[in-house]
Amino acid sequence: ERSNLAGVRHVLLVLSGKGGVGKSTVSTELALSLRQSGKKVGILDVDLCGPSIPRMFKVQDNDVHQCDSGWVPVFVDQEKSISLMSIGFLLEKPDDAVVWRGPKKNALIKQFVADVAWGELDFLIVDTPPGTSDEHISTVEALRPYKPLGAILVTTPQAVSVGDVRRELTFCKKTGLRVLGIVENMSGFVCPHCSECTNIFSKGGGEELAKHAGVPFLGSVPLDPQLSQSLEEGRDFIQEFPKSSAFPALAHIAQQILDCASQRSS
Amino acid sequence: AEAAELRERLRCVKHIVLVLSGKGGVGKSTFSALLAHGLAADETKQVALLDIDICGPSIPKMMGLEGEQVHQSGSGWSPVYVEENLGVMSVGFLLSSPDDAVIWRGPKKNGLIKQFLRDVDWGEIDYLIVDTPPGTSDEHLSIVQYLSASRIDGAVIITTPQEVSLQDVRKEINFCHKVKLPIIGVVENMSGFICPKCKNESQIFPPTTGGAEKMCQNLNVSLLGKVPLDPQIGKSCDKGQSFLSEAPESPATSSYRNIIQRIQEYCDLHHFQEEKIM
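Not measured: the values here are computed from a predicted model.

(A) Geometry of the interface of chain B and chain A. On the side of chain A, 55 residues touch chain B, which itself brings 57 residues to the contact. For the pairing of chain B and chain A, the buried interface totals around 4,700 Å² over both sides, and the portion due to carbon and sulfur atoms is 56%. Contact with chain A buries area across many residues of chain B, yet Ile103(B), Arg105(B) and Lys171(B) alone supply 15% of it, more than any other trio. The interface formed by chain B and chain A holds 5 salt bridges in total. The residue Asp134(A) makes a salt bridge to Arg105(B) at a minimum N-O spacing of 3.3 Å. Taken together, the connections running from chain B to chain A amount to 27 residue pairs in polar contact (both at pLDDT 80 or more). Of all the secondary-structure elements, those providing two or more residues to the side of chain B that touches chain A are helix 3 (59–62), helix 4 (106–119), helix 5 (138–146), helix 6 (163–178), strand 11 (201–202) and helix 8 (231–239) of chain B.

(B) Representation of the confidence of the model for chain B within the structure. Looking at chain B as a whole, the pLDDT averages 93, with 97% of positions reaching at least 70. Scored as a complex, the prediction yields pTM 0.94 and ipTM 0.92.

(C) A look at the nonpolar core. One finds Leu18(B), Phe31(B), Met89(B), Trp122(B), Ile143(B), Val156(B) and Ile263(B) to be the most contacted residues of the largest nonpolar core, which totals 87 residues. The leading source of residues in this core is helix 2 (residues 28–40) of chain B, at 7 residues. Once residues within four sequence positions are removed from consideration, Trp122(B) is found in contact with Leu10(B), Ala48(B), Leu49(B), Leu50(B), Pro79(B), Tyr81(B), Gly87(B), Val88(B), Met89(B), Phe116(B) and Leu128(B). Membership of the second largest hydrophobic core comes to 81 residues, among which are Leu5(A), Val140(A), Phe241(A) and Ala254(A).

(D) Molecular detail of helix 7 (residues 225–233) of chain A. Of the residues making up helix 7 of chain A, those classed as buried are Leu227(A), Ser228(A), Ser230(A), Leu231(A) and Glu232(A). Elements that come into contact with the buried residues of helix 7 of chain A comprise helix 1 (23–36), helix 2 (53–56), helix 8 (237–240) and helix 9 (247–265) of chain A together with helix 6 of chain B. Where helix 7 of chain A begins, the side chain of Asp224(A) points an oxygen toward the backbone nitrogen of Gln226(A), at a separation of 2.9 Å. The positive-phi residue at the C-terminal boundary of helix 7 of chain A is Gly234(A), with phi of around 65°.

About the thresholds
Residues numbered from 1 in each chain as written. Chains lettered and ligands numbered in written order. Predicted model: local features only at pLDDT ≥ 70, side-chain atom pairs only at ≥ 80, totals over all residues. Heavy atoms only, no water. Contact = heavy atoms within 4.5 Å. Buried area = accessible area lost by both parts, 1.4 Å probe. Salt bridge = Lys/Arg side-chain N within 4 Å of Asp/Glu carboxyl O. Polar contact = N/O pair within 3.5 Å; in protein donor to acceptor, adjacent residues only side chain to side chain. Helix = DSSP H or I, 4+ residues; strand = E, 2+ residues; numbered from the N terminus. pLDDT = per-residue confidence, 0-100. Core = buried A, V, L, I, M, F, W, Y, C linked by side-chain atoms within 4.5 Å. Buried < 20%, exposed > 50% of the residue type's maximum accessible area, 1.4 Å probe, protein only.

Take a look at the structure:
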């Protein structure tokens, strides 16, 4: 019996130790950028308590259907170039809290990894909740046979975030997960009125951590109200706002992932 | 039975406030730390800050206590004191290196939370503030369960203005209703940014669906206040200093102070009502 992940060329995880630093944002923008480069991408959202991915693609009201091989992922476009799976699609009422203890979360994650009929994908991006607990342990265990390309770690610049991401690096080391690199998100804000740059959440912490830990630094993404707005409205920031301040950094991250993947393929 | 045992242990705690969100990174720990500092400014009050974020314990750094260790005595674990009247406990104090990860599944996390409640020698406290991780999972279920026989005054729920946060926070509000945890109110953090140079405001995290204000109206919960972004907040947290003392003139400071006062008033009223019943 052919595994549902047999047609997936590269699996990568987006992690942080810290919440609210932009994991789902980076997952979404990476998927949009890779699509722009002609790739077929899936996003598996294993944040069971706070699933953000559906809304970021404006498909939060979609349902999930079954087929012979399992669950059919939700396609965000006609061309079926981006597909998603999230607990967000399985909830009857979006405001209902998923109040599950570890074992129940682990069971669903195993199902999500094994039972979604992804078909042929160039990349499967796995978006995770903050922390180093049940979801992370279960996801890494379930994905191990598929030899993930690695993990992108997202942080914001300040020490309080970096402190948690250091622990996530330890998690990666302990579980044998390759670190593709660190993204420093929310790195500075340029006032749209006067162009003054303010480091609202400090600056440089992510870059320093990458140096200290000996992992690649994938880039700094500035705070960009157009990016926040796009995510709120489920729009394609990469297609619609190529001149916006966050675009160059996000495009560069995607390019580095493409390079990593081609290196591995060859 | 557990809850009863813990109630005994916590009988000298007058007020318990939980700081929750559904969403990560909205400022729960920041707020918990400032609430603790704000309440402890009254030297006649004894304040305790308990950090039950086992995977991402931010409180030690924010309170300037990084590197401190917990001591054991005959009467249990000693909290780490910032001031004479402000004690702190966190898994952070049990880790020997900043790179140490706590990679535990639910049951082990629950065990530690129980120990924090049972084995820490808090003494007599006026306010126990509990800082939580994001989500609605083991830690949240456990803390509510363990404290079910004690009196929790209520929960303060933190959000940021955008829908991506609110959609998680609505879940947290429902969680509170489900477990019968009273909600003191909601704080909207990162609510706008005023450029220090040109003084124009930018909505970096836009309230595309009406922000916390609309959500609170719809769900019939109090909006305790809105706090703007201020780069000094993050700096103070990183330095382990109280932002309220470092930037007394900041609009964010007055917002925080107003919110803290409302929480105090809520707790006092709660206490008064309880005493009336008794």
